[in-house]
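What follows is the residue order along each chain.
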Amino acid sequence: MTDAKPAAAVETVDLSNCDRELIHVLGKVQSFGALISVSSDWFVNHVSRNIHEFIDGAQAEELVGRPLSEVLDPDAIHDIRSKLQQLGSPDAVQRLFECRLTSSPDLFDLALHLSGRSVVIEIERHQTRGKTDQTSYVRPMIDRIAKADSVEQLCKVAARQVRALTGFDRVMVYQFQPDGSGMVIAEALTAGMDSFKGLHYPASDIPSQARALYKRSLLRIISDVDDEGWAIHPVVSPSGEPLDLSLSSTRAVSPIHLEYLRNMGVAASMSISILKRGELWGLFACHHNTPRTLPYDTRTAAELFGQMFSYMLDQMEGDVERTQRDRGQALHDRLMSQLADGSKIEDNFDVIASAIQEAIPFDGAVGWIRGKFFSQGSTPAAAQFEDLARFLNTTAPGTVFSTDNLAKVYPQASEFADRAAGLLALPVSRSPRDYIVLFRGEIAKSVSWAGNPDKPASLGPNGARLTPRKSFETWREVVRNHCVPWTSTEVYAADALRVTLLEVVLRMSDASLREQSQAHERQEILISELNHRVRNILNLIRGLVNQSKSEARSVSEFTEVVGGRIHALARAHDQITRKNWNPASAHELIALEIEAYLDGNADRVQVKGIDVLLEPGAFTTFALVAHEMITNSAKYGALSNQHGSLEITTTREGDGHFHIHWLETGGPPIVNPPSRRGFGSTIIEKSIPFELKGTAQLRFEPSGLQAEFTIPAAYVAAIKLPSKLESGRAQKRSDIATPHLDCDVLIVEDNMIIGLDAEEFVRELGARSIHVASNSSDAITIVESRELGFALLDVNLGTETCESVAIALQARSVPFAFATGYGDQTHLLQRFPNTPVVQKPYSKADIAQALTTIHADLKPVS
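About the cut-offs
- Residues numbered from 1 in each chain as written.
- Predicted model: local features only at pLDDT ≥ 70, side-chain atom pairs only at ≥ 80, totals over all residues.
- Heavy atoms only, no water.
- Buried < 20%, exposed > 50% of the residue type's maximum accessible area, 1.4 Å probe, protein only.
- Helix = DSSP H or I, 4+ residues; strand = E, 2+ residues; numbered from the N terminus.
- Pairing = 2+ DSSP bridges.
- pLDDT = per-residue confidence, 0-100.
- Contact = heavy atoms within 4.5 Å.
- Axes fitted to C-alpha atoms, helices over the stretch in contact; angles between N-to-C directions.
- Phe/Tyr/Trp six-rings, centres within 6.5 Å; stacked < 30°, edge-to-face > 60°.
- 1 Å grid on protein atoms, 1.4 Å probe; cavity = no way out; pocket = protein on both sides within 12 Å on 5 of 7 lines; lining within 4 Å.
- Points joined across faces, edges and corners; volume = space filled by probe spheres on them.
- Patch = residues over 30% accessible without salt bridge, like charges linked within 9 Å, V, L, I, M, F, W, Y side chains within 5 Å.
- Areas by Shrake-Rupley, 256 points an atom, 1.4 Å probe, with all protein chains shown as cover.
- Salt bridge = Lys/Arg side-chain N within 4 Å of Asp/Glu carboxyl O.
- Core = buried A, V, L, I, M, F, W, Y, C linked by side-chain atoms within 4.5 Å.

**Some points on the pairing of strand β12 (residues 268-276)**
By the criterion of burial, β12 is predominantly enclosed, with nine of the nine residues buried. Side chains of β12 alternate between two faces, with A268, M270, I272, I274 and K276 and S269, S271, S273 and L275 buried alike. Examined bridge by bridge, strand β10 (residues 219-222) and β12 share four bridges and lie antiparallel to one another. Residue R220 lies in a different strand from β12, and its bridge partner there is S271. Judged from the nine bridges that link them, β12 and strand β13 (residues 279-288) form a sheet pairing that is antiparallel. Residue S269 lies in a different strand from β13, and its bridge partner there is H287.

Next comes the structure, spelled out in structure tokens:
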């Protein structure tokens, strides 16, 4: 073994050697596509050797040097030239779908881009799958991820969406870390596959030039790791340069990467770049257990989704950063208002540290002011910090310094790493150097790697050529002397705070007086507003008392009338004061009046239509009108006997006005206008027109009183959805116990978006495992291989129905329900007469109702 290399040389071997591999000029294409490259004057200069499989009779050697017009039809060349005109940047790629290249009826999909001074035309066979436009799925996919309230949830939902669109067995969201390594932060995978979520991968697994290509070419597919590919002829141009395939979708794959995928047990893969402001944030990494050639239009939709996801991710992370920066600004404002004029930092250290804690979490803080030591929480001792202060004096002046591994840059810190492993230092003066220093304690974190990161490769059979590692078993590393990293927004907030602390000693002497003056002014405004509202209420009550006495025949009747009106006002004021004097619900006001005066007869009143929020100025006026109308109906109208009913319908028309339609039926046989018009009638007929400039009309029809009221749009704040009263039926329905699906569930649905919704619904109903199929064949395979407890079947599956699936389920005594957008499915209902039908569009409640119908037949699977 005289040729054995020293151990030290072997130990340094890793996949960083791949950085030297020219993966963009491998000189081959994958077999699912062919390539033609033409010069600027449209002569063929490169062609893949499998061109004969796409263009009958074409041979690579014979095409080179010929004009493209002798190879392709004029119409095809015209379309190609038109698309090239639309290239917007050097890295842009244009697409042509369902293109006929020659007189042959075969259709192809083309990808067009520039490579140096050449035009590269990549050709794939068009895969016909019906009329579905794959890009039409992108909008509803985006709508779903838009509901996420965190980056983690955004990535989790996005992984599911990409898997549903592409059909890959595993889809991971892979995020790059600051050191170039990567971590799987979200995952969607088929049943039975091992999860990679939470695993870390060393930076060498994705070489630097591969990361650079991911920024230029946003989607990369490897259809078959065992595909040998086809060479490009000639290998190099007359000037000796190989064809640059950086933007090529059919570009062949590095042998090292192919072996890497084989070692992972992956037969096909696809990557979709996730960019944040032009930098590579991460990837959607897709794996498949068998070879998979994804149609070009589906890949285009996936790439578009990746770009839209990148924008949403950037927006969400930007929102988080802005929120944290706003908190930093709020901290600045708070400290400037809390610290009195002429305050010294050392005298207010505890106040300052407590305020900082709200914006920047830490375990301990030190103030080093004029050589004096002040501390709070877990920090180094005074003597240890005095030495550390001299180290901090060597950092750049006037800037914040941070590290999550202090011992790496200041070895003496290992003595107190358990208390202070990292720091964030804020210089608050120039001479002498004074500091506020925040510390975080050690987090001895366990990092799970997909294999030992120190041994990502070994020497292969060809000398210096590397063979990727074969072990991807989880390997855990314990990291010491680190704290939770300081984020960029925390460092930004710290720098803003540094400026704040410098301002403390320069504050204007009148700041405290100004604050006192503003507080006094606010108090005066509050007292004045309170006095104004109390006077208005007292004047209104006095008017009610004076006007009501004329219609009372006795003291008790007077007390009842006035009391009822004052109580109506009180209920209205309760509603708007509970809302902090903000707009309140009209339907809730009506409901309170009904409950207050009709007691057991409330079920004879139906309130329907659009609910709105009324401004406080209109709310009390409408409260009095509603009170008078309801009490009159109870005394003299439809609700005064045992048979009458009242229907109140509310609408909001295009003009924005709020309309109340009042209809009484079944009341006294004779309905006449009141012989004596009292104050109650005045309230009903004149309050809304006089105070709100609306309208009020009453009609005493033989069938019962009818009334129309209009409240102008100026008093209508917003539509309130859902209406409390309109949801009455739904509330009664919700009293029924929701069935719990403690079993495996099959969903048969040919629309991806509807299938995703159904999957969410049954998951919320307790399903253990959910299997989704888009056609009868796949569904029957699942029925035969899984122990199912329930199935939801879309009746119409495009070119077939779900009848064969229903028969298979019935044979195994598995209960199921039909879902359909068609009203009548008599042939299936006759065959399966007791099967519940869910009408599209359906909700979780509709599925639950169907489950309730067959609840006794559900069979839990142990």
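Moving on from the coordinates now.
**Let's talk about the confidence of the model for the protein**
For residues with low pLDDT, the predicted coordinates do not support detailed interpretation. For the protein, the mean per-residue pLDDT works out to 81, and 78% of the residues sit at or above 70. Across the protein, strand β2 (residues 33-38) holds the top mean pLDDT of 97, while helix α1 (residues 7-11) sits lowest at 34. Contacts from residues 455-467, a stretch scored under 50 in pLDDT, to residues over four places away or in other chains number 33 contacts. Low pLDDT, under 50, characterises residues 723-736; the stretch is placed with 16 contacts to residues that sit more than four places away or in other chains.

**A closer look at the sheet that holds strand β26 (residues 645-652)**
If you walk across this open sheet you meet the five strands as β24-β26-β27-β29-β28, and the pairing is mixed. If you trace the sheet from one side to the other, it starts and ends with β24 (605-609) and β28 (695-701), each paired once. Sheet twist, expressed as the average angle between the axes of neighbouring strands with direction ignored, equals 10 degrees. Bridge analysis of β24 against β26 gives five bridges, and the strand direction is parallel. Within the sheet, the bridge partner assigned to K608 lies in β26 and is T649. On the sheet, helix α16 (residues 616-635) packs against β27 (658-665) and β29 (704-711) and is oriented at approximately 180 degrees with respect to β29.

**With respect to the packing of aromatic side chains**
A full pass over the atoms with the stated rule returns 16 aromatic pairs. On the numbers, 6.1 Å between centres and 40 degrees between planes, the contact of F284 with F305 is tilted. One end of the pair, F284, is in strand β13; the other, F305, is in helix α8 (residues 296-338), with 21 residues separating them in the sequence. You'll find F284 and F305 in the same group, each marked buried. Residues F385 and F439 carry aromatic rings whose centres are separated by 6.3 Å and whose planes lie at 80 degrees to one another, so their mutual orientation is edge-to-face.

**Examining unusual backbone geometry**
Omega for the bond connecting H233 with P234 falls within 30 degrees of zero, at -10 degrees, which places this linkage in the cis form. Locating P234 in the fold gives a position in the loop between β11 (230-233) and α7 (255-264). Backbone geometry places R370, a non-glycine residue, at a positive phi of 50 degrees. Structurally, R370 is set in the loop between β14 (364-369) and β15 (372-377). A relative accessible area of 57% places R370 in the exposed class. The backbone phi angle of K693 is positive, close to 60 degrees, even though this residue is not glycine. By secondary structure assignment, the location of K693 is in the loop between α17 (679-692) and β28.

**Some points on empty space enclosed by the protein**
Per the counting criterion, the structure on display carries three cavities of 30 Å³ or more. Contributing to the lining of the second largest cavity are I590, F622, V625, A626, M629, I648, I660, W662 and F709. When residues of the lining of the second largest cavity are traced back to their parent elements, those giving at least two are α16 and β27. The leading source of residues in the lining of the second largest cavity is α16, at four residues.

**Re a nonpolar patch on the surface**
Taken together, the side chains of L304, M308 and Y311 present a nonpolar region at the surface, about 290 Å² in accessible area. Judged by its relative accessible area of 57%, Y311 is exposed.

**Points about the sheet that holds strand β34 (residues 816-820)**
A sheet is described by the order of its strands in space; here five strands give the open sequence β32-β31-β33-β34-β35, paired in parallel fashion. Edge positions in the sheet fall to β32 (770-773) and β35 (837-839), since each of these pairs with one other strand and no more. Sheet twist, expressed as the mean angle between neighbouring strand axes with direction ignored, is 20 degrees. Sheet topology places strand β31 (residues 745-748) next to β32; four bridges connect them, and they run parallel. The partner of V745 across the bridge, within β32, is I770.

**Here we look at the nonpolar core**
Counting 39 residues, the largest nonpolar core has I145, V173, M270, F284, F305 and F309 as its most contacted members. Apart from residues lying up to four places away in sequence, F305 is in contact with V138, M141, I142, I145, A158, Q161, V162 and F284.

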